[in-house]
Amino acid sequence: MTAALTREEVAFVSDWLRRRAAVVIDQDHSYVIETRLATLARTIGLESPSEIVVALRSQCPGDLDVHVIDTMTTHETLFFRDIHPFESLATDVLPALVAARPHGRPLRVWSGACSTGQEPYSIAMTVRERFPHLGPADVRIVGTDIARSVIERARAGVYKLNEVQRGLSAERLARHFEQVGREFHIARAVKDLVEVQELNLLERWPALDAFDVVFLRNVLVYFDEPTRSRILHRVRDVMREGGTLFLGTAEILKADVPGLERVTCGKTQVLVKRGC
Ligand SMILES: C[S@@+](CC[C@H](N)C(=O)[O-])C[C@H]1O[C@@H](n2cnc3c(N)ncnc32)[C@H](O)[C@@H]1O
């Protein structure tokens, strides 16, 4: 295989990623583009990573653009990541929502960059534990992501031992999963609360009903400041009045959007939609 990309090719891919997925890879980290595209080229049987660049430049890259986005985005996640947001959800946010819910209206939760599904399923487990009488007619959790490979995994809700060992207590594992051979399948009662869709935060969003709770965690960190701000304005607009937005631990300080008020909720900071 011909190894390296030219500087111009790296610059093209960097710009393409910024436009298509808002993924920002600065010059100091351009080796990330080179190494990941070299691996992708090998995996899909191309002679060199330059062939990927040629395909991206053409107007019809086939499925290659999907593969490139998959390869270049970071999908790191785990169950109950950072724990405090899920504790606040269980002790403050959900009880208030359930108490105030007009009869018959389902609560709607969005996990806006759900990766392989650990986040929406952690939300669903929290709902099942705190309010076992609530089912799919009462609570809808929508997980979305840009990357097709993780969407398929999130939809399947099937995890390996090393994945369920990250973030789950033995009790939760026994309660919410069924072991099938060496795999762990999310229990039906949890899975039924969750649906998973493809959605690029940068592009047009499908018609979304207003959300009571949004988790948009550990994704804004990859975007530049104007993109973050644009996305947060759009998220605000699909939230219900009084709705709660959870960001990643490192992301909360950057948020400054009219109509989203910072509130301390248990051991976590959230943004609450007010007066829009
Ligand atoms: C680091 S994971 C975070 C997963 C989860 N929210 C968490 O906190 O554990 C970031 C996810 O954002 C997704 N992502 C990156 N760019 C995106 C975009 N433009 N639109 C939607 N999802 C995107 C990636 O595919 C990846 O699965």
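Look up a bit, the structure's there.
For clarity, every value in this text was computed on a predicted model and none was experimentally measured. (Residues numbered from 1 in each chain as written. Predicted model: local features only at pLDDT ≥ 70, side-chain atom pairs only at ≥ 80, totals over all residues. Heavy atoms only, no water.)

Peer 1: Talk me through the overall build of the protein chain; I want residue IDs and the actual numbers.
Peer 2: From N to C terminus, the protein chain includes eleven helices and ten strands. Taken over C-alpha atoms, the radius of gyration comes to 20 Å for the protein chain, in line with the 19 Å a tight globule of 276 residues would show. Partitioning the contacts of the protein chain with sequence separation of at least 6, the portion at a separation of at least 24 is 75%. Across the protein chain, the mean location of the 36 positive side-chain charges is 4 Å away from that of the 37 negative side-chain charges. (Helix = DSSP H or I, 4+ residues; strand = E, 2+ residues; numbered from the N terminus. Rg over C-alpha atoms; globule rule 2.2 N^0.38 Å. Contact = heavy atoms within 4.5 Å. Lys, Arg positive; Asp, Glu negative; His and termini not counted. Charge placed at Lys NZ, Arg CZ, Asp CG, Glu CD.)

Peer 1: Quick rundown of the pairing of strand β7 (residues 211–216)? Include the residues and the values.
Peer 2: Buried residues dominate β7, accounting for six of its six residues. In this structure, strand β1 (residues 107–111) lies alongside β7, joined through three bridges in parallel fashion. Within the sheet, the bridge partner assigned to Val109 lies in β7 and is Val213. Of the pairings in the sheet, the one linking β7 to strand β8 (residues 239–247) comprises five bridges and is parallel in character. Note that in β8 the partner of Phe215 across the bridge is Phe246. A crossover connection joins β7 to the parallel β8 through helix α11 (residues 225–237); in handedness this β-α-β unit is right-handed. (Buried < 20%, exposed > 50% of the residue type's maximum accessible area, 1.4 Å probe, protein only. Pairing = 2+ DSSP bridges. Right-handed = clockwise from strand over helix to strand, strands pointing away.)

Peer 1: Outline the sheet that holds strand β6 (residues 194–198), listing residues and values.
Peer 2: The seven strands lie next to each other as β6-β2-β1-β7-β8-β10-β9, forming an open sheet whose pairing is mixed. Strands at the two margins of the open sheet, each flanked by one partner only, are β6 and β9 (260–265). Neighbouring strand axes in the sheet, compared pairwise and without regard to direction, differ in orientation by 25 degrees on average. Judged from the five bridges that link them, β1 and strand β2 (residues 139–145) form a sheet pairing that is parallel. The partner of Leu107 across the bridge, within β2, is Val139. Seen against the sheet, helix α6 (residues 118–130) touches β1, β2, β6 and β7 and runs at an angle of roughly 165 degrees to β2. The strands touched by α11 are β1, β7, β8, β9 and β10 (268–273); relative to β8, the strand with the most contacts, the crossing angle is about 140 degrees. (Axes fitted to C-alpha atoms, helices over the stretch in contact; angles between N-to-C directions.)

Peer 1: Let's hear about the sheet that holds strand β5 (residues 183–186): which residues, and what values?
Peer 2: Spatially, the three strands line up as an open sheet ordered β3-β5-β4, and their pairing is antiparallel. Pairing within the sheet leaves two strands with one partner each, and these edge strands are β3 (158–159) and β4 (177–180). Here β3 pairs with β5 via two bridges, running antiparallel. Residue pairing across strands places Val158 opposite His185, the latter belonging to β5.

Peer 1: Kindly report on the pattern of salt bridges, identifying the contributing residues and their values.
Peer 2: One pass over the full model with this rule turns up 17 salt bridges. Its salt-bridge partner being Glu8, residue Arg57 comes within 2.8 Å of it at the nearest N-O pair. Here Arg57 is found in helix α3 (residues 49–57), whereas its partner Glu8 is found in helix α1 (residues 7–21), with 49 residues between them in sequence. Judged by relative accessible area, Arg57 falls into the partly exposed class, the value being 37%. By relative accessible area, which is 48% here, Glu8 ends up partly exposed. Between Arg19 and Asp15 there is a salt bridge, and its shortest N-O distance comes to 3.1 Å. A residue pair is termed a helical-turn pair when its members lie 3 or 4 positions apart in one helix, as Arg19 and Asp15 do in helix α1 at four residues. In this structure Asp15 comes out as partly exposed when scored by relative accessible area, which is 37%. One salt-bridge network, held together by shared partners, links Arg20, Asp65 and Glu203. (Salt bridge = Lys/Arg side-chain N within 4 Å of Asp/Glu carboxyl O.)

Peer 1: Tell me what's going on with the layout of surface pockets, and back it up with residues and numbers.
Peer 2: Approximately 570 Å³ is the volume found for the largest pocket. What lines the largest pocket is a set of 36 residues, and nearest its centre among them are Thr73, Thr74, Asn218, Val219 and Tyr222. When residues of the lining of the largest pocket are traced back to their parent elements, those giving at least two are α2 (30–43) and α6. Of the residues that constitute the lining of the largest pocket, the class distribution is 19 nonpolar, ten polar and seven charged. Each of two domains, domain 1 (7–71) and domain 2 (84–273), supplies a minimum of three residues to the lining of the largest pocket. (1 Å grid on protein atoms, 1.4 Å probe; cavity = no way out; pocket = protein on both sides within 12 Å on 5 of 7 lines; lining within 4 Å. Points joined across faces, edges and corners; volume = space filled by probe spheres on them. Nonpolar A, V, L, I, M, F, W, Y, C, P; charged D, E, K, R; others polar. Domains from an automatic or database assignment.)

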